[in-house]
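Here is how the chains run, residue by residue.
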Amino acid sequence: MQSVFDHMQQMGHEQVAFCHDPHSGLNAIIAIHNTTLGPALGGTRLWNYNTHEEAIIDALRLSRGMTYKAAISGLNLGGGKAVIIGNAPEIKSEALWRRYGKFVNSLNGKYITAEDVNTSARDMEYISLETEFVTGVPEYMGGSGDPSPFTAYGVFVGMKAAAKKAWGSDSLSGKRILVQGVGHVGQYLTGHLIEEGAKVFITDINNEKIKQTVEKFHSVEVVSGDKIWDLDIDIYAPCALGATVNSETISKMRFPVIAGAANNQLAEENVHGPMLIEKGIHYVPDFLINAGGLINVGAELDGYNRERVMGNVNKIYDRTLEIFDLSEKEKIHTQAAAMKIAEKRLQDIANVKARL
Ligand code: NAD
């Protein structure tokens, strides 16, 4: 078994902090991947991991993704992410969030937190009682609130760019689109797609989320999880958890576009990125297409301006086309093309900072 340091070395992490508080039941891991561009901003995920190793790997992979996400989005932010281990309804409490806020504070601004899966703007409010290094706090407290609408809008424009690449037009009208996971982002995305005239199929493991979505958007069609690969669709939008694009699922895919919000969609980027190219599937790299939420919370740090945020989120459209072009020109898969652009910015800025 590899040690934490082996993983950190392989993925290039700067720091990992383990936080434990028996009183509130807090067990958290804060992973800081790279602070070349600025403080590491990334959400806190609350998840019932099967093993501690699984939680560590998740924090390491997610924080690395944040470095690339900030770099490709032109933000002056580093990559970080935190995970809290536990069953959300059982462990969430004011004491847990405030204790966690103290741990975040002890890093003196090197890591700034925000929402992620199973954490909300209300939870950020508790954290903000103990640290200033938190974003995504509610609007009534001067924050920008839930980042999901911005993430969903970014996914929508990135999907339109992918449609332009695949069909020569960016209209999604009449396109058959599967949204896998109708939580925060998936529901907002469904709204944009329906407004544009797409036929939307939804799937989720949580019946309450399905019910909410159907009540909001009557025209959606519900599909059970085990039937999704039999569907005749044009676009697959993964908006649940990662690694849904793997050898098994790719063999069943019969559509030309993957564009969704989930982080770490490719189970193994250097295996599955090339497989998608071979199959002629246009994959929009996750850390590019789902950057809307980061762009939004990051804006809280320099004086929030909604128009500026929307302008930056809209840039995902052109960046997606740029990445498809680079991928074709250099015969590399799209994730590798996006990483190349992000790494170049990291090197350029490291060089700027190293000189007087
Ligand atoms: P969420 O928890 O609100 O929604 C996720 C949904 O997926 C839930 O309804 C859950 O029941 C469902 N789900 C889980 N496993 C599933 C499965 N196997 N099949 C079908 N549905 C399943 O989370 P969210 O905030 O909407 O984020 C969705 C994804 O997008 C996550 O991977 C998250 O990391 C990523 N993301 C979110 C944001 C954001 O602004 N919220 C930003 C960037 C990336």
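Given the structure is predicted, the values throughout are model-derived calculations rather than measurements.

**Topic: the domain arrangement of the protein**
When the domains of the protein are assigned, the result is domain 1 (4–65 + 78–141) and domain 2 (148–343). One C-alpha centre belongs to domain 1, the other to domain 2; they are set 25 Å apart. Contacts between domain 1 and domain 2 engage 16 residues on the former and 13 residues on the latter. Interface of domain 1 and domain 2: buried area, both sides summed, is about 1,100 Å²; carbon and sulfur atoms make up 56% of it. Considering only the side of domain 1, the residues that lose the most area to domain 2 are Leu41, Arg61 and Arg64, jointly responsible for 40% of the buried surface there. Taken together, the connections running from domain 1 to domain 2 amount to one salt bridge. Between Glu269 and Arg64 there is a salt bridge, with the nearest N and O atoms lying 3.1 Å from each other. Element by element, the count of residues in the side of domain 1 that touches domain 2 is highest for helix α2 (residues 52–72), at four residues. Across the side of domain 1 that touches domain 2, the residue classes break down as eight nonpolar, three polar and five charged.

**Some words on the site of the ligand**
Of all residues adjacent to the ligand, which total 21 residues, the nearest are Arg45, Thr151, His184, Asp204 and Ala240. The separation between an oxygen atom of the ligand and a polar side-chain atom of His184 is 2.7 Å. At a separation of 3.3 Å, an oxygen atom of the ligand approaches a polar backbone atom of Ala261. In isolation the ligand offers 830 Å² of accessible surface; the protein chains occlude 84% of this area. Contributing elements (two or more residues each) for the shell around the ligand: α6 (148–167) and α7 (184–195).

**A look at the sheet that holds strand β10 (residues 235–238)**
Sheet strands associate in pairs through backbone hydrogen bonding, adopting either a parallel or an antiparallel arrangement. Sheet architecture is open: six strands sit in the order β9-β8-β7-β10-β11-β12, paired in parallel fashion. Each having just a single partner strand, β9 (221–222) and β12 (282–283) make up the two edges of the open sheet. The pairing of β10 with strand β11 (residues 257–258) spans two bridges and is parallel. Note that in β11 the partner of Tyr236 across the bridge is Ile258. Sheet strands in contact with helix α8 (residues 207–216) are β8 (199–203) and β9, and its direction is about 160 degrees off that of β8.

Basis of the calculations
Residues numbered from 1 in each chain as written. Predicted model: local features only at pLDDT ≥ 70, side-chain atom pairs only at ≥ 80, totals over all residues. Heavy atoms only, no water. Domains from an automatic or database assignment. Contact = heavy atoms within 4.5 Å. Buried area = accessible area lost by both parts, 1.4 Å probe. Salt bridge = Lys/Arg side-chain N within 4 Å of Asp/Glu carboxyl O. Helix = DSSP H or I, 4+ residues; strand = E, 2+ residues; numbered from the N terminus. Nonpolar A, V, L, I, M, F, W, Y, C, P; charged D, E, K, R; others polar. Near = heavy atom within 4 Å. Polar contact = N/O pair within 3.5 Å; in protein donor to acceptor, adjacent residues only side chain to side chain. Areas by Shrake-Rupley, 256 points an atom, 1.4 Å probe, with all protein chains shown as cover. Pairing = 2+ DSSP bridges. Axes fitted to C-alpha atoms, helices over the stretch in contact; angles between N-to-C directions.

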